[in-house]
Amino acid sequence: MTIAVGDKLPDVKLMKAGESGPEPIQTADYFAGKKVALFSVPGAFTPTCSAKHLPGFVEKAGELKAKGIDEIVCTAVNDAFVMGAWGKAAGSSDVTMLADGNGDFAKAVGLVMDGSGFGMGSRGQRFSMVINDGVVETLNVEAPGTFEVSAAEYMLGQL
């Protein structure tokens, strides 16, 4: 079942690239007590993700924070090393990169896609959500092959 507006985020482990290696992050703790703009991409360093999705959130970070967002988080079914490298190459300190290496978060929120036709295996769909104290306030899931409703600009219009 796909997560919906008003649902509490499931408690799963994500990983963050740290100074001494991957650091586990429990979603129940991490998203508690703050308003977070989260966006998920099918993969780090992939064309739309690198050319549009991540750069849009980097560019609009100040505007999102001015509208009450405490933190911006990007997730993908990649390992913490890849997410860390992508964050350094294309991101900014305004976007926290959280790795969903095993796809547990994508599965738990019911937003998995089959990328095996492209040699990518099971991945998270392209989506965005605003999470307020661990509860989904807005949810924007892209139709396959599109990039519209999960963009930073679209989210700004919802805040």
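Residues numbered from 1 in each chain as written. Predicted model: local features only at pLDDT ≥ 70, side-chain atom pairs only at ≥ 80, totals over all residues. Heavy atoms only, no water.

Novice: Tell me about the overall build of the protein chain, residues and numbers included.
Specialist: Each helix and strand counted, the protein chain has 6 helices and 9 strands in total. Its C-alpha radius of gyration of 14 Å places the protein chain within 12% of the 15 Å reference for a compact globule of 159 residues. Taken over the C-alpha atoms alone, the protein chain extends approximately 40 × 35 × 30 Å along its principal axes. Counting every position in the protein chain, which comprises 159 residues, the buried fraction comes to 45%. Split by element, the accessible area of the protein chain, about 7300 Å² in all, is 52% carbon and sulfur. (Helix = DSSP H or I, 4+ residues; strand = E, 2+ residues; numbered from the N terminus. Rg over C-alpha atoms; globule rule 2.2 N^0.38 Å. Buried < 20%, exposed > 50% of the residue type's maximum accessible area, 1.4 Å probe, protein only. Areas by Shrake-Rupley, 256 points an atom, 1.4 Å probe, with all protein chains shown as cover.)

Novice: Hey, could you go over the nonpolar core for me, with residue numbers and the actual values?
Specialist: Among the nonpolar cores identified, the biggest contains 22 residues, and Phe-39, Ile-72, Cys-74, Met-83 and Trp-86 are the most heavily contacted of them. When near neighbours in sequence (up to four residues on either side) are disregarded, Ile-72 contacts Ala-37, Phe-39, Phe-57, Ala-61, Leu-64, Lys-65, Asp-94, Val-95 and Thr-96. Leu-98, Leu-111, Met-129 and Ile-131 belong to the second largest nonpolar core, which has 18 residues in total. (Core = buried A, V, L, I, M, F, W, Y, C linked by side-chain atoms within 4.5 Å. Contact = heavy atoms within 4.5 Å.)

Novice: Please give an account of the layout of surface pockets that cites residues and values.
Specialist: Taken as a whole, the second largest pocket encloses approximately 290 Å³ of empty space. Taken together, the elements giving at least two residues each to the lining of the second largest pocket come down to strand E1 (13–18), strand E2 (21–26), helix H4 (80–90) and strand E5 (95–99). When residues in the lining of the second largest pocket are grouped by element, the largest group, 6 residues, is from H4. Here the residues of the lining of the second largest pocket sort into 7 nonpolar, 6 polar and 2 charged. (1 Å grid on protein atoms, 1.4 Å probe; cavity = no way out; pocket = protein on both sides within 12 Å on 5 of 7 lines; lining within 4 Å. Points joined across faces, edges and corners; volume = space filled by probe spheres on them. Nonpolar A, V, L, I, M, F, W, Y, C, P; charged D, E, K, R; others polar.)

Novice: Pulling in residues and values, what's your account of the side chain of Glu-71?
Specialist: Structurally, the position occupied by Glu-71 is in strand E4 (residues 71–76). Residue class for Glu-71 comes out buried when judged on its relative accessible area of 13%. A polar atom in the side chain of Glu-71 sits 2.9 Å from the side chain of Lys-34. Looking at Glu-71, its side chain comes within polar contact range of the side chain of Thr-96, at 2.7 Å. (Polar contact = N/O pair within 3.5 Å; in protein donor to acceptor, adjacent residues only side chain to side chain.)

Novice: Lay out the environment of Ala-143 in plain terms, naming residues and giving numbers.
Specialist: Secondary-structure assignment places Ala-143 in the loop between strand E9 (135–141) and helix H6 (152–158). Owing to a relative accessible area of 43%, Ala-143 belongs among the partly exposed residues under this scheme. With 16 residues separating them in the primary sequence, Ala-143 and Phe-127 have C-alpha atoms 9.3 Å apart.

Novice: Now, about the pattern of salt bridges: what can you tell me, with residues and values included?
Specialist: Counted under the stated rule, the structure contains 5 salt bridges. Of the charged contacts in the structure, one is a salt bridge between Glu-59 and Lys-60, with a shortest N-O distance of 3.8 Å. The exposure class assigned to Glu-59 is exposed, which follows from its relative accessible area of 59%. Between Asp-94 and Lys-65 there is a salt bridge, with the nearest N and O atoms lying 3.4 Å from each other. In this pair, Asp-94 is assigned in the loop between H4 and E5 and Lys-65 in helix H3 (residues 61–66), connecting sequence segments 29 residues apart. Residue class for Asp-94 comes out partly exposed when judged on its relative accessible area of 31%. (Salt bridge = Lys/Arg side-chain N within 4 Å of Asp/Glu carboxyl O.)

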